[in-house]
Each structure stands twice: as C-alpha cells, then as structure tokens.
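Coordinate analysis (summary)
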Amino acid sequence: MRISLVLMSSIGTSLAYWQPGNEYIYEENGIQNSGTMEYDPSAAGLAWRARTRIQVWKDRVTIQVSELMLSQYVGEYPTDHSAWKNTTFQSATSDQTFEYAVNYKDGQVVSVEIPSSLPVHQRNQIKAAVSQLQISKEAKTRQYFESKERTLHGECNVHYSAVGSLITRSIVHQKDCRNRPYRYIDNWRGWRCDGNWAEEAFLTHGKFTSGRNDPDPISSKSDSYYILGEMNGVEAVMEMGVESGIGTRFFGEKGASKFIYTRRNMKLQEVKTSDESINPSGLQTYTDLSFEMDNSFQWNADRNLKGQEELFSSGGLIENNQNHLKNSLKGLLDSMFENFDIKDSSKDSIEQLHKSAISAALPYMYKMDYNSLESVYAEFRSGSSSSGTIKRNLFLGLLSTTGTTASAVLIKDSIMKGYIESDFDAARALTGIPFHIRRPNTQLVREMETLESSDLSPSVKMAFQLSIAHLVRRTCELAGKNFNSQEFYQCIDEFSNSYADKYYEKFVSSDSTEDKLIALSALQNLRWGKIKDILKPYISTGSDDVLQAEAVTAAMYGTFIDQSTAGYFLPVIMNRGLGHETRINALLAFSYGKFDITQFSSLVNFLYSEQNYEVINFAYSLFKKMSNTIDPCFAEKKDIVSYFWRYMEQVGIHSLSDGLGHSKTFRQEFEKDEYEYMASNDIIIIGSEKSISPLRLSLGLTSTYYKGYNMEPLRITIRIQGLAKALYKKIKKMPEGDWKIENLAKMLTDMGVHLKEDDPVKIQVIVHLKGDIILNKMYFENPTKPGSELYDIVKDLQGRSGGNEYNLNKQLFLMHGMNLYEQPTDLGTPMFYASSMATMGSIQATIKKGIARGVLFRDISYDIHLFTHGMEMLSFLTLENKLRYSVRQNRVYLLHIPRQLSVGINLLKKELKIGFKQPNPNDPIFLVLHARSHVEILPMRSGQSSELSKYCLSCSESHIISKGDRYVKTKAIADKDDTELGTLTKGDYFDCEADLSDANTGGSVVYLFHPQNKSPKTFMTSLLMGLRQARKFLLNYPGVQKCGIHLQLSQSKTKPVNEIEISVMGAVENKGSKFIYDGRKLLIKSAVTLKGSPEIRKFNFNLKYAASPGFVKNEVRAMFSRAPNPALGLTDYVICFSADNRYPELPRALFHIDLEEQLELVGKMGFRYGATKSCGSALGVIDLKFKHETTPESKQSLREKEYYKKCMNEKQMPEWKHRRGLPITKSCYASSVDSALARKYSYDVRFESISPEVESILEKGEAVLKTSVLPYWDIDPLSLDRSIKQNPLLKLDVLFKGNDKLVDVTLETNKGVSNFEDMPVDFSIFSGSLRNLRTDSLGTFFLSNNLAGMCIVTSRYINTLDNATLSYAPEECWALVSSHCSPNPTYAVFAKKNGNLPLAMKVYMGGHKVEFSPLNKQQIKIIVNDSPYQVNDGERKTYKKGNSDIFRITNYGGSYMISNDLTVAIIYDGNFIEILPLAVVNGQHCGICGNFDGNRHNELQNKVGNPISNQELSTAWCE
C-alpha cells in the first residue's frame, strides 16, 4: 500500500504558542474509518503513525513529515478502537518525506507554500493539515468566542473555548462554513421543506448567516483540542488532536446511522533550538485553504462529449482499460440474465442476486467512453434471440440512466440512425437523459437539438421537446452548488431564458391547442427565470381556461425562488373573470409556496364572498386537507390554516361537498415517527360546471423523509372533459323518432330559449415523474366516433380490430432515484455518500384473442420478473492507491410470476368464465427480499489490490455486518401443502438477525393497518396506507441487521391442482312494485373446478338476494358446497348463510310520516356448516336474532333541534297547508332522517356444535372486544374467559344516548353480565354510522354524491338546483321551470297558477306532452298528448311509443311521479313540484330552477342567459 505522507501532516497551533527559533518534534497517531455503530459495530479504515518536525520562524513555520507507518483494517470494530492492536504497521515508502511552509498573521493562516510538483490530491491533504495549524490569539484572553477562519471547508465560523491549559475549536460545517467545497446531486428530486437548498452558511446583505442547523440527513463536524504546557522550560503545545465525523441518518433515531470518523493525536516528544534544516523548495503559494475539486466540467465550456467522464469531483479515477470495462459489463449482463432462473432463497441464489444486482452494471458504464458503449450496444443489437432481446433492452434502459454525456450522445445517435426500433423505447431513452445527467453543458444541449432535424414520430417528438427543456433546466441547476450560487443565476440569464422565449413564442404562435399545451409543458419543465414574468399577462387576460390553468402551473416554480408566490397568485385567485380551473390551480400554487398569516387572512376574507361553487368548494377542501395533515413538512402552514379553518367551520358559510364531480382535494397519509418518514396519496379533482364528470383527476404519490425532505415521485393527471355525457349518450340510446326530440327543441327555440351546446370531449393524460412532465398525450376527439384514435383503442380491447395473436418481450429499467454527495474529510481525502434504487421489469407474453362459440375470449400466457436493487454507501477514497473504504447496505428484491390466464364472456348466457393454470413447484410464483450491510476496502480500478493482507491476516476485503451464525434466525411465515386446494404455500424469514419475536412481527402487521398513525382515520385510508407503509419499510429497510423474506406459491407437490376454472352466471328479476319502488331478485350461480391429481375438486357457490319494493322485506340465501373426493379423503361439506329482515312499512303517501312514531327493524341470520350435502342436515349452527329500534330519548332530543322546529313552522305555511304529508323542505328532510335513526341495537346469538376453526375466530373477536372497551369495564375481565367454549350464548345490547355522543354496551354470557357505560363516540348522525329505518338511502346517495340535482317549486319560493332559495309567485302563464336545454332535449317542465291548488304542471318528455290540472283539493286531472290519462292511487303506468318506454307515471297517495330512464324524475301533488334531474343535465339546464352549474349566485337569468331581478323571475320564462 502506498499513501501520501501528507495525510499525516501535523495538527498544530499558531505562533502564539510556539517560540520562534525552536523546533518541535511530535509523534502522531491517527485513524480514519467508515462504518456503523449500530447492532454489531463494524468499520473499514486506515491508521498511521508519523514523525512531524515543526521549525518556527517569526511569522512562518516550516514543516517536515517523515517515518510514515500505515495499517488497514476491515471487520468488527470495538468502540475503544482496539481493533488496531490486531494489525501490523508497515512503512509506506522508506525515503518519502514531505516539506512545506505556512505563513501567519495574528495567529491565523495567511497562506501555505506547497511544492508545485505535488498533485492536487496531495495538495488537498496539506491544506487539511494547515487548516488546523491556527489558533486565534484571542484564546489567551477570552474563554469563549467565535472567529472567522480559512479552512479546508471554506470560510468557517470557528467556535473557541479556553479553560486553563485546554483550548478547543469546534465547527459544524453545514452550519458554520460558507463557500464550502461540496457537490450534491439529488436525483430523487425532492425539496427541503425549510427551503434551504444550500449545505452551507451564506451572506445576507453582507452579514454572515448560519446555514442548516438540522443534523439530518448528513452532518459534518470537527472538534480540535490543544493542551498547553512547558517542556525543558519552553512554552509549548504538549498534546493536540482532532476528532471529526461525517454522519448520515436518514431514518430517525431507530434507523441505522453511518459515519466516517477521523481521529488524530500528536504528543510532543522533544523541543530544541531550530537548526533551520527544513527548507522546502519549488514552492507555490496558496491563500485559499479550501479543498480543491475538479472544476473542468463547466456548464458553458465545450469539451469532448464522447470522452470518459469522472464520476467524482476529486478526479484521478479515470479507467484506462476500456476492454476490461466492456468485458466486465457484458459478463455482468449475462449474470443478470441468469437471475431470471433464480427460484429459491438458497445461499448461492442470494449471493448471485447481490453480486449481479440490477444496477450493478452502472459503475462500469460510468467509466466508459462513447466508442466502448457503442460497441457493446452494437453487439447486443445483432442478437435476435429472446435472451439477446432481453439484454439489448436492459442495456438501453441502463444507458439512459448512465448519466454521462457519452451515453446521452449515443442515445441521440441511435435514434437518428434508427437503431431503436420502438417509438416507446426511443421516447423513454430520451426522457431519461435529463433525469440522470451529472455534468451537462450548453454544448450537450446543442448536440441533442440536432435530433430535431430527424423524422420523428409524434411520441418521440413530444419526448424530445420535453426532454430538451428539462435538460436546459438541469444544466443550470447543476452549474453551481445550489440555487443560491452565482453560476445558477448566470446560467438562467445567459442560457435558460432564451429557451423560455423560444417556447413562449411557440405557445403564442401556434393555432393548435395540442401544440400550445406541449409548449406550456416544456415551460413547466424549464421552470426558472423569466417564465413567471412572460406568462403573467396571459394568465390574467387569456380566454382559454385549460391553457391558462397550465400557464399558472408553469409560472409557479419561479415564484418559489424569490418567494413571491402569494403576491403573484392572490390576484389570480381573486379575479372572478377567470375560469375556475385557472383559479383553482392558482390556489394550489399559493398553498405550495410561502405565505404568512396576513396573506392567508386576505384569501379567507375574499372567499367569504366567493360565488363560484367549484372554487369555494375546492378552497374549503384544501384548507381542510392542510389543517388535518400529519406531514411534518407542512407543520408551519398547518398552524396558520387550521387557525382559520376552525372559525370557517363554525361560521358555516359553505358546507363542504364530497359529491362526485365537485372540485375538491384530499389526502390519505401515514407517518412512522420512529423512522421519521411518512407517505401520502394526494388527490386533486377539478369539477365541471357542465357535467357530472370532473374536468380533471390527479393522483400524486408523495413521501417525506427525516421530517424535512418532501418528494413526489409520481403524479398522474387525467382530463376527461365531456366524456361522461358522450358515453352516457352512447349507452342510453334514444330513438329520436319515438321521442319526438325535434318537436321539443323547436318549441324551446320558438320560446326564445338559448340551447346549450354539448361540452366537447377532451381527454388528456399527463404523467409527472419526480415533478417533471414526461408524457402529455391528448385526445381532443369523441371516443365514440369511428375513426378516432380512442375509438380504435377501445375496439381493439373488444377484439374487433387488430391481430388475433401477438408476442411481447419487453424489459423496462427505472431508476427511482439517486443521491451523490461529496466533500472532504479532515484528512483532505475525498468522501462521498451515495444512495440509489432501481427496478427492472420484464414481461414475456403471448396474447391470443377472438370469438369462439359465442364467447369473447382472451388467452394470455405470461412470465413476469421484477428485480429491484437498493443501495446506500458512505465512503472515503485514497487517491494514491485508488482505494475505497466504505460502509454499504445492499437490498435486493426479486418477484417472479409465471401464469397462463384465460377470460371469456358469453353475452347471451350472461356467463363469465375465468381459467388459469397454477405454476408447478419447479417454477413457482416467487418473491424474495434480502438486505445486508458491509464494511469493505475495495480497489477503484481493475487489476488492483487493496493489499489488506499485509496489515491484517484475519481481515477480508468485504465484511458482512453480523454477530455470527448463532444470531442468525429463520422463522416460518407459511408452510402448507394443501391437498384440498392442491396448492403449496411456503414463506419464511431467512438469514435474519432482526427481531423475529411474535410481539415484533405480529405487532408490526397489526400496526400496519391501525388508524392510529393514519389520516384521516377511515377504513379505506388504513387499508391503502397500511399497504404503502409495508412497502416503504421493505424497500427502505432502515436497519443494519441482515434479513431476508421468501414467499412462494405453486401446485402441491403431492396432490397438485394444475388448472382452475371459474364460471359465474347471474340474473336479475323483477319482484313486484309498489308506488315508486320496484322489488328485485338477484341470482348468482358459480362453480369452481380444480383440475389436478388424483382427481378434480369441485366447489359451488350460489347466492339469492330478494328485496320487496322499497326494501321493506329483504332475504339473502347463500350456499357454498364442496363435492366429495374419496381419493383426497374429502367428504361433502356445506356452509350456508341466511338472513331475513323487515323494515317498517312504506308510508301511505309520499313523505307522509309521523316523526313521533317508534320504529324498529327486526331480523335474523343463520349459519349452518358441516360435512353434509344439505343445509338442513348441517350440525354446526349459529343463529342470530337482532332488533334495531328508535328510542323515546331520541324523540325527545329531536324536538329540541332547530331543524325540527323549523319543519313544524313550515308545516303551517300557506304553500304547504294542503299537503297530506310533511313539507318537502331541507329541515323536514333532516327531521325525517333523525327520527328514523336506530339508537338501540340488540343481538342474541346462539352457538351449537362449534368447530375448532369457528371457535378460534370467535375467541379472537372476543379478545379484541375486551381490549377495545377495557377502560369502560365495570367487572373483572376474567368473567368472560372461555365463555364461547363453555356456553354457546352471547347477547349484546348497544344504546346511543346523550345526543349520540355516548354509548352504553351490555354483554351477557353464561358467566354474567358486563356493562360498559358512557363510552364516547364522535360522528355526524347524517354520515351513515347509524342505521336509517325509513328513508330511501338510494335517493340520498344520488343527491349527496352529485349524481342528481333537486329543485323544489312552491307557490311562495323556489329552491334551485344549485341550492339558492328565491322568492316566487306563479303567474297565469306557463313558465318554464326546468328543462334539458341541449340541442337534443329530453324533457321540459312548466308550471302556472291554479285556482284549486297552488300549482298546475305541464311536462314534456321529448315531444310528448303531459298536463296535470288540479280539479279540487283532492283530485288532479292528467292529459297525455291531449287525451285523458287515468292513474289510480298506488298504480304505475308506462307510456310507450314504438319500441321505446317514454315515461312512467306513479300515483303515490295523491303525489305523482313522472320519470324517464334518461334524465329526470318529477314529483308533483299540486302544492309543490320537485324536479330531480340526473347530473347528465348539468351545465345544459335552463328555467326557473337555475342553470345547474354549481354556482348559487347566478341563478337569476332569462331565456338567453342575461341577468334579471328576482321580481322578474315569474314572467321571464313564460311560454
């Protein structure tokens, strides 16, 4: 081993503590390790001893370092550093001596003089030593002070303390040093939540400002000490030393940490008069002590783009043996291909996965030049076999991830020459370049732009434009160290801004919406500079809401830099002349940026008067999301927003709607506090004023690490504008001749009504990867129109176009992210931290499709492989001998899914058939995960040796961190050879030193899905985020202990099932009708056949569900049966389930209910199971009787509620006094719901002949109940022990009381009665948590989820579809109340004043006229198309024309409902008209009921859409 003597250079003091004319001789000892103290402390490092002479002059010292002895070590590392006792020290070079000089002023270094012949890495080591050779003279007079000093780490604010003879100097480099020499490439593409991108201190208006104070995730510090004294009567520094560390901690206190630790100690051996013999020559003077990094890769300097490129900034590691690199790469790709055959978790297989992990090839490719890369690619291109295709695809995926200019140019050339046959692969390779490029420059951008002259397909052209913009931005972002650097701003001004002008010119000059959107997407990828300024006028004055909304997003990023976000976007939000999509995007931008409490208060104050429903609903949902988030990144904003949100809820100006299609945003989150990470699903929905379907749906997957770093690796946004109506019209076909649509359209037009055009279909898919747009695909065409691209895609999926068979062999490589951080150690050696995660997916498949015997089928045979590799490494380098000293974690994952699947649909028989073959034991569905950590010393060049054995005979170059074989554990997860199902399921933890106790593994699984660490605390959030929590832990595995997990599924080895066939048939039948309700019966018959050896297994499942009209009486019968199989020892077996319940009878008239009536639901359930053919003979029995009922207390409580009091007042109003039932008002509806909610629930369960399996399930359920109610238990919990087993009896009563805020639970068994009293509950009674014993839940669902609207017309007021209440008095003319005002209208409703009852009504269903004329207080005459039409009480009639059912009329106790299947239902009784249009009418509605656009403030309009007064409303819509 050969290493520079400079590493051992002295740690000294200033001249203030040495006497001029003397020579001081020190013995130096030091170590530098890379390792971890977690679990089993281990490290890899070097140690040294040296003799250092210092001769002191007036303001100058000369230094000589000689007699250098070195050692190395890899392995377990005791905290007392005693590992070095087992190593030997050997001379580095017998005659190697280094001399240099240092000049001072006032005790601080002014300059250092270094022999010019020394290479840069040795110069850096001298600078590291000199950085410690200074002590401020103030240490003699002050006990604590701070001093600005030049050091290896830049200009640092050094913290001194001086007590007696001890002086210390401390520096935390990220906090205390400016102009730090470091390099940070973050290809995870997140952002620090505090906005501090710089890893250093900085100047603010000329004043020193400290940098980051948070030690996570990477921290670097130095602590030096000096002990003063005398030797031979001469004042001297008797002993001095330094302990410095660079630590990484990404996963909190419980996660693993890694370190580079440096310790040096010098003890004075002799003081004598200087003989002036140290006279270094050939010196060059340096006034800058900072570590010198390679600055040859400038953003604006040309270079050989095809040449080799250094990965690290330290330089000196270029690999000259390109043939060796090529051969190594090809050999590694061969090994990767062999990984496809791994199907077990043996030691050899795991070792193979680690050595040939999916991203292990990248270090070779980093070092290769253009010619080497091209020659390897040429070789792979020549192969036509399946294995050759896999290797070629894999190489291309790795190439786009390599990140060198040589790889980028090769991709460009390969596209131009047609080497990449697939447009998808070409686009993907182009897209990958800016994501991974490490040293871009303007020359590379120009080179890539030559691709524009080629004949590119649309998808490649789109990728080209987006990638160039992305590459330009990355060129500027990597020009300097961070966003505060001068180089970054210079690049923006001189380079990036010209591209902003270019893309903006494309945007304004293009006539194509698609081209404009691509130009805006390019501006989004460009982000910085003048973009926000050039887009500002268009955002405020443009006329296209879609484009303006995208412009808002493009402008957003620039406001983050100068923190102008709030000031920029508040005027956009408040501009009511802009479209709601633009304003909502501005709201999002405002929330992402920095704002203070005053700016947020201004926004809230404005929203109190907001009239656009989409804007206000989105704003309220956004504030709710921000108030409830558990993401630590938003803690400061949460404090501001939640303060206002509380009062906004209390004021209640807006009621937040979660209905389908309404604009809103929400999050599902989990946090893992001990590992300091969290994740969320962020959903954004932009609603439409013209359709039930939203304009835009967006899902983002976000993560936060170490409570301060947030990233969004993926966001998918889909525009589906107009799609719902287009599909609805396709499905709900309406013969216009039968419906006489033209007649109704003409009548409305003759009235002067402005008909509203259909919303155009605009479908768009945008994919953001790590915040950058990689795909923006638009289909601005009707998908139901033959010849459109989407139409052809749909037809292909239906099997009506395209080929009947095709093969697929595709491999995709994805680098999830990569970090590279570099800085010097205090020895002047370069160090780096690197992390990465990559996945390669492979699918080989054969797909057949067609129609056979009336069955539309797909046969798919596929073989899927997923390989993932995660790596984390902390290393330092010694450049003399090109060695890397590292602590490294390696994580490998393999998933293999071989399958043959067939799906068939017989539309005539209404039968679905699914068949799939089970994998055999030699080729199972297979999952393996394994993680381990190493400490190691490895050569950085081929053909070199670490020479470790010279120093440590027992050491190996790589040491796996482990406490030894006796700590390695295995634990079965599953191991079952199921002869009944013919499957083999195996799973275990293996080679594992993590905690595998039941408490840890079982508790972790339970905690995954527990709502405690989720937000919101709902079942769906707990389920989805529990799965993400498991995935995040496994992919990050924040521990040091090695551990593996193996799972597999295949056919049984003894009695296998090789194929499974499933057949499902269903039918729906009518079961009578009553009033407006229909009864239904659903029948499902299914059979499962398991084909295998020795015989087939047959299972059947049958289901019958019957409901009477109005769901008053309901019946469920289900039966699962297994056929006998003597060869397997299987007998007949059945599991039967039955359920019956009965609700209160339907009221005799619509809404004719007694709020004081006590209601009850009674029912029973039964389970029968056992080894028999029929349910009646099954021995296992569980019977349950239940009753749900209202309570007297709840009735008394209802009378005290405001909506009940209001309903009683409304009942006396003139407009409702003739009604038989309750008024049709919101307050009466709320009273009706409240009065029908069950508050008492009783269950009586009887068990007979319980099987062990059922007993186990019941006892586990009992244990959960005990745990959950323990705080409220008034008896000894042991009273219930073994109750299930010893006495099959269980009674449970649950009573809600205290305005539904408390609940009492009574549990009775043979052991006694247990009472759990006054347990708190917290939910809205209208949320569905309590059972409703009367109200139509289906109608409630449609209204609450925006699937239908509701307008109520009385003789005194109208409650519009957008929920505005307007005064109204009917006139003698027929006034248009509600109509589908599209070019193809389906209905219209008119009303006028009547002398017998307040209102007469006329309805058009298409062109068919239906008149309702009250003859007296009880009788209403009906005329259809000028002919009398009688509908008796309780009767329903359907009016037909040709083959079409035009409408139905039902007489429900004197209230009439007329409806069609397309758009509307109308209820009328002479006192009121209730119109219930389906949301397909949304945006195309007109009449007194409003325009149905979600905005309650613009309801007063006339026939052509002009505003009118409320007084004009009665006559403005007259026929």
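In this text, all values refer to a predicted model and were calculated from it rather than measured experimentally. Here the residue index of a chain counts from 1 through its sequence in written order. In keeping with the predicted nature of the model, local features appear solely for residues at pLDDT of at least 70, side-chain atom pairs appear and are counted solely at 80 or more, and the whole-chain, interface and lining totals rest on all residues. The basis for every side-chain value is the complete set of heavy atoms in the structure, and neither hydrogens nor water enter the calculation.

**A few points about the pattern of salt bridges**
Heads up, the rule is: In what follows, salt bridge is the name for a side-chain nitrogen of Lys or Arg lying within 4 Å of a carboxyl oxygen of Asp or Glu. Helix numbers and strand numbers start at the N terminus; a helix is a DSSP run of H or I with at least 4 residues, a strand a run of E with at least 2. Think of it in three bands: with a 1.4 Å probe and only protein chains considered, a residue is buried below 20% of the maximum accessible area for its type, exposed above 50%, and partly exposed in between.
Within this structure, the stated rule accounts for 78 salt bridges. Between aspartate 106 and lysine 137 there is a salt bridge, with the nearest N and O atoms lying 3.4 Å from each other. Separated by 31 residues along the polypeptide, aspartate 106 in the loop between strand 5 (98-105) and strand 6 (108-115) and lysine 137 in the loop between helix 1 (120-131) and strand 7 (144-151) bring together distant segments of the chain. Classification of lysine 137 as partly exposed rests on a relative accessible area of 47%. Measuring nitrogen to oxygen at the nearest pair gives 3.1 Å for the salt bridge that ties aspartate 302 to arginine 446. Remark: arginine 446 occurs in helix 10 (residues 442-449) and aspartate 302 occurs in the loop between strand 18 (283-286) and helix 3 (322-338); sequence separation between them is 144 residues. Among the charged side chains, a network of salt bridges with common partners joins Lys625, Asp631, Arg667, Glu669, Asp682, Glu712 and Arg715.

**A short note on the sheet that holds strand 52 (residues 1399-1405)**
Where we set the bar: When DSSP finds two or more bridges between a pair of strands, those strands are recorded as paired.
Taken together, seven strands build an open sheet; the order of strands is 55-54-53-52-51-50-61 and the sheet is antiparallel. Since the sheet does not close on itself, it has two edges, and those belong to strand 55 (1427-1428) and strand 61 (1485-1486), each with one partner. In this structure, strand 54 (residues 1420-1424) lies alongside strand 55, joined through two bridges in antiparallel fashion. Its bridge partner lying in strand 55, valine 1424 is registered against serine 1427.

**Digging into the pairing of strand 26 (residues 830-852)**
Buried residues dominate strand 26, accounting for 17 of its 23 residues. The pairing of strand 25 (residues 805-824) with strand 26 spans 19 bridges and is classified as antiparallel. Residue pairing in the sheet places tyrosine 806 in a bridge with isoleucine 847 of strand 26. Two successive antiparallel strands, strand 25 and strand 26, enclose a turn made up of five residues, where glycine 828 displays a positive phi of approximately 85°. The antiparallel hairpin formed by strand 26 and strand 27 (residues 855-878) contains two residues in its connecting segment, where arginine 853 sits at a positive phi of about 55°.

**As for the packing of helix 8 (residues 405-416) against helix 10**
Note the threshold: Here an axis means a line fitted to C-alpha atoms, over the contact stretch when the element is a helix, while the angle between two N-to-C directions is reported on a 0 to 180 degree scale. Convention used here: angles under 35 degrees read as roughly parallel, angles over 145 as roughly antiparallel, angles from 65 to 115 as roughly perpendicular, and any remaining angle as oblique. Any two residues whose heavy atoms approach within 4.5 Å are treated as being in contact. Under the grouping applied here, Gly and all other residues not named as nonpolar or charged are polar, the nonpolar ones being Ala, Val, Leu, Ile, Met, Phe, Trp, Tyr, Cys and Pro and the charged ones Asp, Glu, Lys and Arg.
Relative to each other, helix 8 and helix 10 sit at 10°, their axes nearing to 10 Å. When the axes of helix 8 and helix 10 are compared, the pair comes out roughly parallel. For the pair helix 8 and helix 10, the contacting residues are Thr405, Ala408, Val409 and Lys412 in the first and Leu444, Glu447 and Met448 in the second. Per-class residue counts for the contact of helix 8 with helix 10 are four nonpolar, one polar and two charged.

**As for helix 27 (residues 1192-1199)**
For clarity, the cut-off: Starting at the helix axis, one direction is taken to each C-beta atom, and the arc is that of these directions.
Where helix 27 is concerned, the buried positions are Ser1194, Lys1195, Ser1197 and Leu1198. Down the axis of helix 27, the smallest arc covering the buried residues is 160°, so these residues share one side. Check the buried side of helix 27 and you find it contacts helix 28 (1202-1211) and helix 29 (1226-1235).

**So, the state of the cysteines**
Heads up, the rule is: Here, a disulfide means two cysteine sulfur atoms that sit within 2.5 Å of each other.
Using the criterion set out here, one finds ten disulfides in the structure. Put simply, cysteine 193 and cysteine 633 are joined by a disulfide, and their sulfur atoms are 1.3 Å apart. Note that cysteine 193 is positioned in the loop between strand 12 (191-192) and strand 13 (202-204) and cysteine 633 in the loop between helix 19 (613-628) and helix 20 (635-651), a separation of 440 residues in sequence. Cysteine 193 sits in the partly exposed class, given a relative accessible area of 28%. Since its relative accessible area comes to 14%, cysteine 633 is described here as buried.

The values are spatial; any link to function lies outside them.
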